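Listed here are the chains, written in short residue letters.
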Amino acid sequence: MGFVAEEAGVPVEWTPFWPIPPRLTFAQNLVRLWHNPKWNERLFINTCAERLFENNFDNNDDFYVEEIARRLLNAIHTGQVSIPDGARFMAFRIKVIYTETLAANVMGQVIDEVFMTSSLYPLIRQGAN
Amino acid sequence: MTLELAVRVAEIFLGLALFQQSLEFLRGFGLEKKIALVRALLAVFLMMGIYSVWVESLLLITSIVLIKRFRGPYNGGSDTMSILVLMCLWLYHIAPSRWWQEIALGYLALQLTISYFQAGWVKVVNPEWRSGKALGEVFAFTAYPVSESLRALAGKPRKLFIASWVVILGELLFPLALLNKTALIIALSFAACFHLANAILFGLNRFFWSWLAAYPILMWLQERIAL
């Protein structure tokens, strides 16, 4: 996710959405076995990103872009993601990470590319519904 | 296990799975939150065995609404399995005779068995799965590991190789468990542990509860075909 103060701005710094924790305790794992809404929403966002990638921006892709944006904006508005002071717009980008093709038992170089960058979304309470 | 008992236990487990999913959706917003409230209540009725056919009909309708809302399942295979179990239990209740009831639940048991075998087959024909590389890549850079500490497993090729083959063989051999009751209990325990591991390592908690709901039907089928 990237943030800017002006509509004409371009984010210079990108932060991962809900980065994974360094480690989880046994008790945390136990709770998450029954109740893990944040992670499942993260998986759904991942599914939307995969569908965008597979469809290569064909028809209906607006749905997936808007679905991701709605969820990111909702996370911001509900205080689950902190934003920099003065930020008035949010954008997101999707990266595709894969390895170069090598033999079946050799892990190749990891390639990390930006696949798409969204337009800017105003940080008002429109993502909540 | 009698047919009636298998259905009752499956309904309790499915109710638990649907209640768990609904609780997670309650944290969401918009339509999904409203539907989750209704489904949570219906899931409680399902567990209690109240008006089963009506409750299952409403759960099916709301499942279709959710699929339309998300343009596919929200949580992949776990939603698909929940709907399959739900549909087969619903068909059991509306079936005109015992024979059709058995057909409906036999279909569910068959799908469950095929789901494991097919997953094993897809892996065994893939050289990257056979070498352990595919699992290594999952830990190395995909979005699935639930903590950074798990990424270190990508650097343990021997463990990944063994784990890959345990999963492949477990899935491929699963259908053979239908031949014997003890073998089936062992196979279902293995499968439940596999789903538990996926929940702990990759956060796929909904799969654990959804698949569990179908196990009683498989136990019924094993006894049915053994007769």
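As the structure is a prediction and not an experimental result, all values here were calculated from the model. (Residues numbered from 1 in each chain as written. Chains lettered and ligands numbered in written order. Predicted model: local features only at pLDDT ≥ 70, side-chain atom pairs only at ≥ 80, totals over all residues. Heavy atoms only, no water.)

(A) Highlighting the side chain of B:Ser63. Here B:Ser63 shows up in helix 3 (residues 52–70). Ignoring sequence-local partners within four residues, the contact set of B:Ser63 consists of B:Arg39, B:Ile83 and B:Leu86. (Helix = DSSP H or I, 4+ residues; strand = E, 2+ residues; numbered from the N terminus. Contact = heavy atoms within 4.5 Å.)

(B) Spotlight on the interface of chain B and chain A. Between chain B and chain A, the residue contacts involve 42 residues of the former and 44 residues of the latter. Overall, the association of chain B and chain A removes approximately 3,600 Å² of surface from exposure, summing both partners, and the carbon and sulfur fraction of that is 56%. The three residues of chain B that bury the most area against chain A are B:Arg27, B:Phe29 and B:Arg71, which together make up 21% of that side's buried surface. Here chain B and chain A share three salt bridges between them. With its nearest N and O atoms 3.3 Å apart, the salt bridge here joins B:Arg27 to A:Glu41. Our enumeration of links across chain B and chain A arrives at 19 residue pairs in polar contact (both at pLDDT 80 or more). (Buried area = accessible area lost by both parts, 1.4 Å probe. Salt bridge = Lys/Arg side-chain N within 4 Å of Asp/Glu carboxyl O. Polar contact = N/O pair within 3.5 Å; in protein donor to acceptor, adjacent residues only side chain to side chain.)

(C) Examining the packing of aromatic side chains more closely. Counted under the stated rule, the structure contains 16 aromatic pairs over all chains. With centroids separated by 6.3 Å and ring planes inclined at 20°, the aromatic side chains of A:Phe92 and A:Tyr121 adopt a geometry described as stacked. Highlighted residues: A:Phe92 in the loop between strand 2 (89–91) and strand 3 (93–99) and A:Tyr121 in strand 5 (residues 121–122), separated in sequence by 29 residues. Among the aromatic residues, those joined into a cluster by ring pairs are A:Phe44, B:Phe25, B:Phe70 and B:Tyr74. The ring of B:Phe25 has B:Arg206 sitting right over it, with the charged end atom 4.8 Å from the ring centre. (Phe/Tyr/Trp six-rings, centres within 6.5 Å; stacked < 30°, edge-to-face > 60°. Lys NZ or Arg CZ within 6 Å of the ring centre and 35° of its normal.)

(D) Summary view of the pattern of salt bridges. Under the defined criterion, the tally for this structure stands at 16 salt bridges over all chains. For B:Arg69, the salt bridge identified is with A:Glu67, shortest N-O distance 2.9 Å. With B:Arg69 in helix 3 and A:Glu67 in helix 3 (residues 61–77), this residue pair bridges two chains. For B:Arg69, a relative accessible area of 15% gives the class buried. The buried category is assigned to A:Glu67, whose relative accessible area is 3%. Between B:Arg98 and B:Glu4 there is a salt bridge, and its shortest N-O distance comes to 2.4 Å. Pair noted here: B:Arg98 is in helix 5 (residues 98–124) and B:Glu4 is in helix 1 (residues 3–25), with a separation of 94 residues, a long-range link. (Buried < 20%, exposed > 50% of the residue type's maximum accessible area, 1.4 Å probe, protein only.)

These results come straight from atomic positions and should not be treated as a statement about function.
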